[in-house]
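# A look at the structure
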Amino acid sequence: MTFRARHLLGIEHLAPLEITTVLDLADRYVDLNRRTVKQSDVLAGMTQINMFFENSTRTQASFELAGKRLGADVMNMSVAQSSVKKGETLIDTAMTLNAMHPDLLVVRHGASGAVNLLASKVNCAVLNAGDGRHEHPTQALLDALTIRRAKGRIQRLTVAICGDIAHSRVARSNLILLGKMENRIRLIGPPTLMPAGIGEFGVEVYDDMKKGLEGADVVMMLRLQKERMDGGFIPSEREYYHRYGLDADKLSHAKPDAIVMHPGPMNRGVEIDGDLADDINRSVIQDQVEMGVAVRMACMDLLARNLRAERGRKIAGEMV
Ligand code: ASP
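Residues numbered from 1 in each chain as written. Predicted model: local features only at pLDDT ≥ 70, side-chain atom pairs only at ≥ 80, totals over all residues. Heavy atoms only, no water.

Definition in use: UniProt positions are given in the numbering used here, feature names are shortened, and annotations may be inferred rather than shown by experiment.
The name an unreviewed UniProt entry gives the protein is Aspartate carbamoyltransferase, with Paragemmobacter amnigenus as the organism. In the Catalytic activity (unreviewed entry) part of its UniProt record, the protein is described as follows: "carbamoyl phosphate + L-aspartate = N-carbamoyl-L-aspartate + phosphate + H(+)". Recorded in UniProt under Subunit (unreviewed entry), the annotation for the protein is "Heterododecamer (2C3:3R2) of six catalytic PyrB chains organized as two trimers (C3), and six regulatory PyrI chains organized as three dimers (R2)."

Have a look at this one:
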């Protein structure tokens, strides 16, 4: 198995072979998760701390379940209960937690780069569960697994990523992953929600949804990230839905077997029609949630192997 990373901070640092390693192992965890007894002991004796400085429903639950199914001791630390509210800095919090000897630290933070900074200060493996607009690597990996299982491959596909690209770490991590795996990427959205200079990334940019969806194998919708907007990016939600909300009519421009994805949480009637989101013949949104647990199990398993090997080498070095 090829997976050299010490932390999982972003897709940017992963080689295509490492991505494939995660997906292959996650496939095996999907099988385990479908059994009645879903227990493994690969993280037995290890401690996982989930630190969420930003709200999360599915990602936090998914990491918690993943750790528990692998036999780790899992602790959730939500910011509302922490000293961060009392003014403790990110580094102070990290150092305090570090002193409790966690093996895996799962971190979500509103500031881009905060998780990388934290990883440089602690001596356990750190997993980025989303930092600002920067990266959300496990989301891109679970999306890749969902696509690979639905389409039979994760190469040479036309993938349309639609909506609020500018504020989305999901879009960024997916763009990097899909690019590394040699797919054709189209970004669709209003120019106000497109990051500056995006055309240089080897992607096609559209502001007309129907044209952009032409011939797409995968249609990935994004949530309007209102909490990251500090001005008027769209005229109104109604107008936005009319031009960029995915409904059956717009989807008919994609390939007849195109799949519909959304990372959640969804704004039904804003970026996607509610009935289409629930249509099991087109939508793989529930599969994404299922793949999320398996991918997080695979990532933590691989990081734990590297951590054990590193600690083993250290002990051997001290004995010489
Ligand atoms: N849950 C994803 C994230 O944390 C997508 C979203 O919030 O829209 O980035």
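### Examining the site of the ligand
Our working rule: Near, as used in this document, describes a residue that has one of its heavy atoms within 4 Å of the molecule or strand being considered. Any N or O atom pair separated by 3.5 Å or less is treated as a polar contact, with the protein-specific requirement of one donor-capable and one acceptor-capable atom, and with residues adjacent in sequence counted only for side-chain atom pairs. Only the protein chains shown count as cover for residues, and all accessible areas are computed by the Shrake-Rupley method using a 1.4 Å probe. Residues are sorted three ways: Asp, Glu, Lys and Arg are charged, Ala, Val, Leu, Ile, Met, Phe, Trp, Tyr, Cys and Pro are nonpolar, and all the rest, Gly among them, are polar.
Taken together, the residues surrounding the ligand are Arg 108, His 136, Arg 169, Val 170, Arg 223, Gln 225, Gly 264 and Pro 265. Interatomic distance of 2.9 Å between a side-chain N/O atom of Gln 225 and an oxygen atom of the ligand. In isolation the ligand exposes 270 Å². Once the protein is present, 93% of that is buried. Residues that form the shell around the ligand fall into these classes: 2 nonpolar, 3 polar and 3 charged.

### Quick notes on the UniProt feature "binding site: carbamoyl phosphate" (unreviewed entry) in the protein
Stated formally: Runs of E in the DSSP output that reach at least two residues are strands. Runs of H or I that reach at least four are helices, and both are numbered from the N terminus. Accessible area is worked out with a 1.4 Å probe on protein chains only. A residue is then buried under 20% of its type maximum, exposed over 50%, and partly exposed in between. By definition, residues are in contact when any of their heavy atoms lie within 4.5 Å.
The residues that UniProt annotates with the feature "binding site: carbamoyl phosphate" (unreviewed entry) are Arg 58, Thr 59, Arg 108, His 136, Gln 139, Gly 264 and Pro 265. Summarising the element assignment, Thr 59 is placed in helix α2 (residues 58-69). By relative accessible area, Thr 59 is classed as buried at 5%. Thr 59 has contacts with Phe 52, Arg 108, Ala 129, His 136 and Arg 296, leaving out every residue within four places of it along the chain. Inspection of the secondary structure puts Pro 265 in the loop between β9 (259-261) and α10 (274-278).

### Here's the deal with unusual backbone geometry
Here the amide bond leading from Gly 264 into Pro 265 is cis, since omega sits at -5°, within 30 degrees of zero. Even without being glycine, Arg 156 reaches a positive phi, approximately 50°. Assignment of secondary structure puts Arg 156 in the loop between α5 (137-151) and β5 (158-162). We note that Glu 182 has phi near 60°; this positive angle belongs to a residue other than glycine. Here Glu 182 shows up in the loop between α6 (169-180) and β6 (184-188). Overall, the relative accessible area of 62% leaves Glu 182 in the exposed class.

### A short note on helix α1 (residues 16-33)
Put simply, the test is: One less than the residue count of a helix, multiplied by 1.5 Å, gives the span that helix is expected to have.
Under the 1.5 Å per step criterion, the end-to-end length of α1 is 25 Å for 18 residues, consistent within 8% with the ideal 26 Å. Those residues of α1 not exposed but buried are Glu 18, Ile 19, Thr 21, Val 22, Leu 23, Leu 25, Ala 26, Tyr 29, Val 30, Leu 32 and Asn 33. The inward-facing, buried residues of α1 contact α2, α5, α6 and α11 (285-319).

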